Amino acid sequence: MEKVRFGIIGAGGIARRRTIPGMLQAENIEVRAVMDIVNAQEIADEFKVPRAYNSLNALLADPEIDAVYIATPVNRHLTQIMAAAACGKHILCEKPLTMNSADAAVAVAACKKAGVYLQEGYMMTFHGAHQAIRQLIAAGKIGKVVYMRAQLSCWYPPIPGAWRQDPAQGGGGALIDMATHLYDLLAFFAGPINRVVAFTGRQVQGYQSEDSSTTLLEFAGGAHGTVDAFFCIPDEASRTRLEIYGSQGSIFAEGTIGQSQGGTVEGIFSIGAGGYDAAQTKDVARSFAPVPFAQLNPYTAECAAFADCILNKRPPQVNNGDNAIRIMKITEAAYTSAKDGCVHVIK
């Protein structure tokens, strides 16, 4: 099978933990090189990657690299995207794409001009459970979607040098790093987000980035949604729940939001057509059926899908550059709302 030859830019962190192992499972990808300013050779040896580079220019000059995966701090993304595009490399870049929507537009335009594909690393849309949920919604199994809630929290204490804790390097904290995953995921289910209200704060942790964020969303189809993402809730205290309510049923998931491929999904379908229950009995037994889904490594699926686009000369339809710009506009609107207390329309 023909394969896309990838170079990794920023091979520590999420690349080392999740993405490189995921790529190595993909049949249409070959990891040819890693670039890291700290321990490139160690990572190359760990994954048996042929080449290790200490500089961006050296990796981009490699003629045997077709595409790059960027997993560096956010404030470096724009420069690295521009350099990779200029060298004719297709680009899979971790989220958020850039520090702001203006930079995202510049990055997307550069890739289009260079004729290279760009995809943003929102891998949760590739989780088997979320693929199954989207199919159920599209098939009308819960009727019209009216409300969704998504939860993603973790315990992220102060760590020396952690770029996510410095807004100058990451653009912010819990909201831009985790809530954006959920903006993207809920839009994957219910379509574009049109209006945003948000709260942010530093409740527990002592660093400059916010450790708390709650966002209220309105979707183009009328559905409402809430997203809660916190850096100050212990991992064991959060079930990473996903709740989707419709006019004829609902879908609940636990453990599907995050970096794993597991979790559970259940739903109740084709109800709500009866008359009004004046008694409002809430203690009756409800028949929620388990929802089966494919056990897919979302990182493998994400990278394989991008490689498939490259091999078949077909631009990405999911998490592409235009989507990246819109997610950044939602993010900016959320941060502005947290400051001025107003509802913001996404244009």
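Residues numbered from 1 in each chain as written. Predicted model: local features only at pLDDT ≥ 70, side-chain atom pairs only at ≥ 80, totals over all residues. Heavy atoms only, no water.

One pair of aromatic rings is described through two measures. These are the centre distance and the angle between the planes. This structure, assessed with the given rule, holds seven aromatic pairs. Aromatic side chains Tyr 245 and Phe 252 sit 5.4 Å apart centroid to centroid with 70° between the ring planes, which places their arrangement in the edge-to-face category. On the accessibility criterion, Phe 252 (21% relative accessible area) is partly exposed. The aromatic ring of Phe 188 is capped on one face by Arg 134, whose charged end is 4.1 Å from the ring centroid. (Phe/Tyr/Trp six-rings, centres within 6.5 Å; stacked < 30°, edge-to-face > 60°. Buried < 20%, exposed > 50% of the residue type's maximum accessible area, 1.4 Å probe, protein only. Lys NZ or Arg CZ within 6 Å of the ring centre and 35° of its normal.)

By the bridge criterion, five bridges tie strand β12 (residues 249-254) to strand β13 (residues 264-268) in an arrangement that is antiparallel. What sits directly across from Ser 250, in β13, is Ile 268. Strand direction decides the pairing type here: β13 and strand β14 (residues 289-290), joined by two bridges, are antiparallel. For Glu 266, the partnering residue across the bridge sits in β14 and is Pro 290. (Pairing = 2+ DSSP bridges. Helix = DSSP H or I, 4+ residues; strand = E, 2+ residues; numbered from the N terminus.)

In this section: the pattern of salt bridges. Scanning the model with the defined rule gives 16 salt bridges in all. The partner of Arg 195 in a salt bridge is Glu 218, and the shortest N-O contact between them spans 2.8 Å. Of this pair, Arg 195 sits in strand β8 (residues 193-201) while Glu 218 is found in strand β9 (residues 212-219), placing the two residues 23 residues apart along the sequence. Residue class for Arg 195 comes out partly exposed when judged on its relative accessible area of 36%. The closest approach of N and O atoms between Asp 308 and Arg 314, which form a salt bridge, is 2.4 Å. Here Arg 314 falls in the partly exposed class, since its relative accessible area comes to 36%. One salt-bridge network, held together by shared partners, links Glu 30, Arg 32, Arg 51, Asp 62 and Glu 64. (Salt bridge = Lys/Arg side-chain N within 4 Å of Asp/Glu carboxyl O.)

Turning our attention to the sheet that holds strand β11 (residues 241-246). Ordered in space as β14-β13-β12-β11-β7-β10-β9-β8-β15, the nine strands form an open sheet in which the pairing is mixed. Each edge of the sheet is formed by a strand with only one pairing partner; in this case those strands are β14 and β15 (344-345).

It is worth spelling out the nonpolar core at this point. Judged by nonpolar contacts, the single largest core of 104 residues is most densely connected at Ile 91, Tyr 183, Phe 189 and Ile 244. Looking at this core, the element that brings in the most residues is helix α8 (residues 174-190), giving eleven residues. Those residues in contact with Ile 244 that lie beyond four places of it in its chain are Ile 133, Ile 137, Ile 142, Val 145, Tyr 147, Met 148, Phe 189, Gly 249, Ser 250 and Ile 251. (Core = buried A, V, L, I, M, F, W, Y, C linked by side-chain atoms within 4.5 Å. Contact = heavy atoms within 4.5 Å.)

With that settled, the discussion passes to the environment of Gln 151. Note on placement: Gln 151 falls in strand β7 (residues 145-153). Within the structure, the side chain of Gln 151 is placed 2.9 Å from the backbone nitrogen of Arg 241, a separation counted as a polar contact. (Polar contact = N/O pair within 3.5 Å; in protein donor to acceptor, adjacent residues only side chain to side chain.)

Moving on, we come to helix α9 (residues 298-311). Look at α9: 20 Å from first C-alpha to last across 14 residues, which is about the 20 Å you get at 1.5 Å a residue. Extensive coverage of α9 is indicated by the burial of ten of its 14 residues. Looking only at α9, the buried set comprises Pro 298, Tyr 299, Thr 300, Glu 302, Cys 303, Ala 304, Phe 306, Ala 307, Cys 309 and Ile 310. Here the buried face of α9 lies against β1 (4-9), α1 (13-24), β2 (29-35), β4 (67-70), β5 (90-93) and β6 (118-120). Residue Asn 297 occupies the N-cap position of α9, its side-chain oxygen lying 2.9 Å from the main-chain nitrogen of Tyr 299. Of the residues trailing α9, Lys 313 is marked for its positive phi of about 50°. (Expected span 1.5 Å × (residues − 1).)

So, on to the packing of helix α4 (residues 77-86) against helix α5 (residues 101-114). For the pair α4 and α5, the least separation of the axes is 9 Å and the interaxial angle reads 10°. The angle between α4 and α5 places the two elements in the roughly parallel class. Between α4 and α5, the residues in contact are Leu 78, Ile 81, Met 82 and Ala 85 and Asp 103, Val 106, Ala 107, Ala 110, Cys 111 and Ala 114, respectively. When its residues are assigned to classes, the contact of α4 with α5 shows nine nonpolar, no polar and one charged. (Axes fitted to C-alpha atoms, helices over the stretch in contact; angles between N-to-C directions. Parallel < 35°, antiparallel > 145°, perpendicular 65-115°, else oblique. Nonpolar A, V, L, I, M, F, W, Y, C, P; charged D, E, K, R; others polar.)

Looking now at unusual backbone geometry. The step from Lys 95 to Pro 96 runs through a cis peptide bond, and the omega angle for that step is -15°. Positionally, Pro 96 belongs in the loop between β5 and α5. With phi around 55°, Lys 48 is a residue other than glycine that occupies positive phi space. Turning to its location among the elements, Lys 48 is positioned in the loop between α2 (40-47) and β3 (51-53). With relative accessibility at 74%, the residue Lys 48 sits in the exposed group.

Attention now moves to the packing of helix α6 (residues 128-138) against α8. The axes of two packed helices give the description: the angle between them and the distance between them. It is at 9 Å that the axes of α6 and α8 come closest, and there the two elements cross at 35°. Counting all contacts with α6, which are made through His 130, Gln 131, Ile 133, Arg 134 and Ile 137, the residues of α8 involved are Leu 185, Phe 188 and Phe 189. Partitioning the contact of α6 with α8 into residue classes produces five nonpolar, two polar and one charged.

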